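# Reading the structure
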Amino acid sequence: MVTQVYIRDVPSHVGREVSIKGWLYNKTHKGRLWFLLVRDGTGVIQSVLFKGNVAADVFEAAESLTQESSLQITGTVRRDKRAPGGYELDATGMEVVQIARSYPISPKEHGTSFLMDHRHLWLRSSRQHAILRIRHRLIKAARDFFDGRGFVLVDTPILTPVACEGTTNLFPVKYFDTPAYLSQSGQLYSEASCMAFGKVYCFGPTFRAEKSKTRRHLMEFWMVEPEVAYADLDDIMVLAEEFVSYLVAEALREGGEELSILGRDTGPLEKVTPPFPRLTYAEAFDLLEQEGSETPRGADLGGTDETIVSSRFDRPVMVHRYPAAVKGFYMEPDPENPDLALCMDMLAPEGYGEIIGGSQRIHDYDLLMERVREHDLPVEPFSWYLDLRKYGSVPHSGFGLGIERVLSWICGIPHVRETIPFPRMLHRLFP
RNA sequence: UCCUCAGUAGCUCAAUUGGCAGAGCGUCCGGCUGUUAACCGGAGGGUUGUAGGUUCGAGUCCUACCUGAGGAGCCA
């Protein structure tokens, strides 16, 4: 009986006959030799078919194989320096499951648009495989971090009756006969759950109907949002830097192989340890003026401004205390200067920009009500949110981290679109 | 929504001043016992994004539209 193994485990079966179920990644031949590159989702291995060693029909079948044909191949595991990866299968038999039709993605170069049209197939390529494996580990690391610190995962709804910040960038849906929106943040609900559990986080898809067409925007992305009762801005800045350091450390520890497939220079990532530099908004602008930025003081930082600021440091930098006027209605004003909000953005180095946005939330009922009115928000849908300030209200803070932005930074890839299996972008809803 | 650039074979791209529609890869056929994006020989493959216009003649120039890429604003 031949043992069936996954390619990842092949090195521990040297000298034994094993069987692999997978797909043909590529093939080449030299006379009476066939070299088949077979992948099975755990790795890729070369299998060698010599005409004299296999049945005539098996050798002929090898000839008929097309890229991505599914097959089961049996052979003896052998160490060989000539084989990619150092191990190969000296084939003794092969069963074809299906001969694939002409596969659109060749091992040669393709344009982004073409590849995105074939995203369902592109996922099979080694580069996409590496990115999505790191994504898997990053998500696990995020959950491990909070779980290990006593946080409770409390899910927040995706169908919501009202906007969290602004209304222009929401996806409207019909909830039977009432209008509803896809969630653009779990924050408001997490504020409720943190008053129940103390420390909570939510992790789920987030929808923003912003007509943004840049390398850092998706219409649908995944966000981790911790929310902590009795925490102030300084507390969550410490939490944020420890969190991001943990994510990077885990990616380096678990994803070395994938990062090297992606050609990522891990040097800059190894420097990502606490503490991260902290800059007030005013200090960030002092720096920007030195560099000749034309962004007026009082405005939010633009993308190029973020790059200028973050390029001054070798680890992520936290810019805090922005003018309240450009930030969310729920942010606690700075007691030292009420025109400023107790908020912070974390900017990733190497030009990647904002990966975290967070703040201390208003806990005073009257002040929050005032802000709701100032922002022309409807009071009734926010009544439950205002209720939280009536029953044992305490200072609390939280932040949101965009998984795809962190992933593209860690992987060193220029655009977030490859960091999610099926990206939803401006004018792309297919496949 | 605005700005810039692009659209030619299945894919990636050439095509000089407006003058015969081309190459590489993939596909198909043949050759080779160590290939690594193999190599060598041969074959097939086209409504040049769409619609109109200028011209003896348009892939090339003009107009509109469609699609894509990069960026801005906004954000994680």
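Since this is a predicted model, take the numbers as computed values, not measurements. (Residues numbered from 1 in each chain as written. Chains lettered and ligands numbered in written order. Predicted model: local features only at pLDDT ≥ 70, side-chain atom pairs only at ≥ 80, totals over all residues. Heavy atoms only, no water.)

With antiparallel pairing, the three strands of this open sheet are ordered in space as 8-10-9. Of all strands in the sheet, those bounded by a partner on one side alone are strand 8 (159-160) and strand 9 (172-175). Two elements, strand 9 and strand 10 (residues 178-182), share four bridges in a ladder whose sense is antiparallel. Within the sheet, the bridge partner assigned to Lys174 lies in strand 10 and is Pro179. (Pairing = 2+ DSSP bridges. Helix = DSSP H or I, 4+ residues; strand = E, 2+ residues; numbered from the N terminus.)

Counting residues in hydrophobic clusters, the biggest one holds 47 residues, and the most contacted among them are Phe243, Val244, Met344, Ile356, Trp409 and Ile410. Among the elements of the structure, helix 4 (126-147), strand 11 (199-207), strand 12 (220-229), helix 6 (233-254), strand 17 (343-348), strand 18 (353-361), strand 19 (396-402) and helix 13 (403-411) are those that each provide at least two residues to this core. It is helix 6 that provides the largest number of residues to this core, a total of ten residues. If we skip the residues at most four places from it in the chain, Trp409 touches Val244, Val248, Arg264, Leu269, Val272, Pro316, Ala348, Pro349, Glu350, Tyr352 and Ile355. Formed by 29 residues, the second largest nonpolar core is a distinct cluster that contains Leu279, Leu287, Leu288 and Phe382. (Core = buried A, V, L, I, M, F, W, Y, C linked by side-chain atoms within 4.5 Å. Buried < 20%, exposed > 50% of the residue type's maximum accessible area, 1.4 Å probe, protein only. Contact = heavy atoms within 4.5 Å.)

Moving on to the domain arrangement of chain A. Under the domain assignment, chain A is made up of domain 1 (3-98) and domain 2 (119-419). Taking the mean C-alpha position of each, domain 1 and domain 2 sit 46 Å from one another. The partner domain 2 presents five residues to the six residues of domain 1 that form the contact. Roughly 470 Å² is buried in total at the junction of domain 1 and domain 2, and carbon and sulfur atoms are behind 30% of that figure. (Domains from an automatic or database assignment. Buried area = accessible area lost by both parts, 1.4 Å probe.)

Within a sheet, each strand pairs with its neighbour through backbone hydrogen bonds, oriented either parallel or antiparallel. Strand order across the open sheet formed by eight strands is 7-11-12-19-18-17-14-13, with mixed pairing between neighbours. The sheet is open, and its two borders are formed by strand 7 (152-153) and strand 13 (278-280), each paired with just one other strand. Alignment of strand 13 against strand 14 (residues 317-320), held across three bridges, turns out to be parallel. Note that in strand 14 the partner of Arg278 across the bridge is Met318. Across the face of the sheet, helix 5 (residues 187-197) comes into contact with strand 7, strand 11, strand 12, strand 18 and strand 19 while running at roughly 35° to strand 12. (Axes fitted to C-alpha atoms, helices over the stretch in contact; angles between N-to-C directions.)

With that settled, the discussion passes to the packing of helix 9 (residues 281-290) against helix 10 (residues 303-310). Following both chains from N to C, one finds helix 9 and helix 10 inclined at 95°, their axes separated by 10 Å at the closest point. With respect to their mutual orientation, helix 9 and helix 10 come out roughly perpendicular. Taken together, the residues of helix 10 that come into contact with helix 9 (itself represented by Ala284, Leu287 and Leu288) are Asp305, Ile308 and Val309. Of the residues belonging to the contact of helix 9 with helix 10, the class tally is five nonpolar, no polar and one charged. (Parallel < 35°, antiparallel > 145°, perpendicular 65-115°, else oblique. Nonpolar A, V, L, I, M, F, W, Y, C, P; charged D, E, K, R; others polar.)

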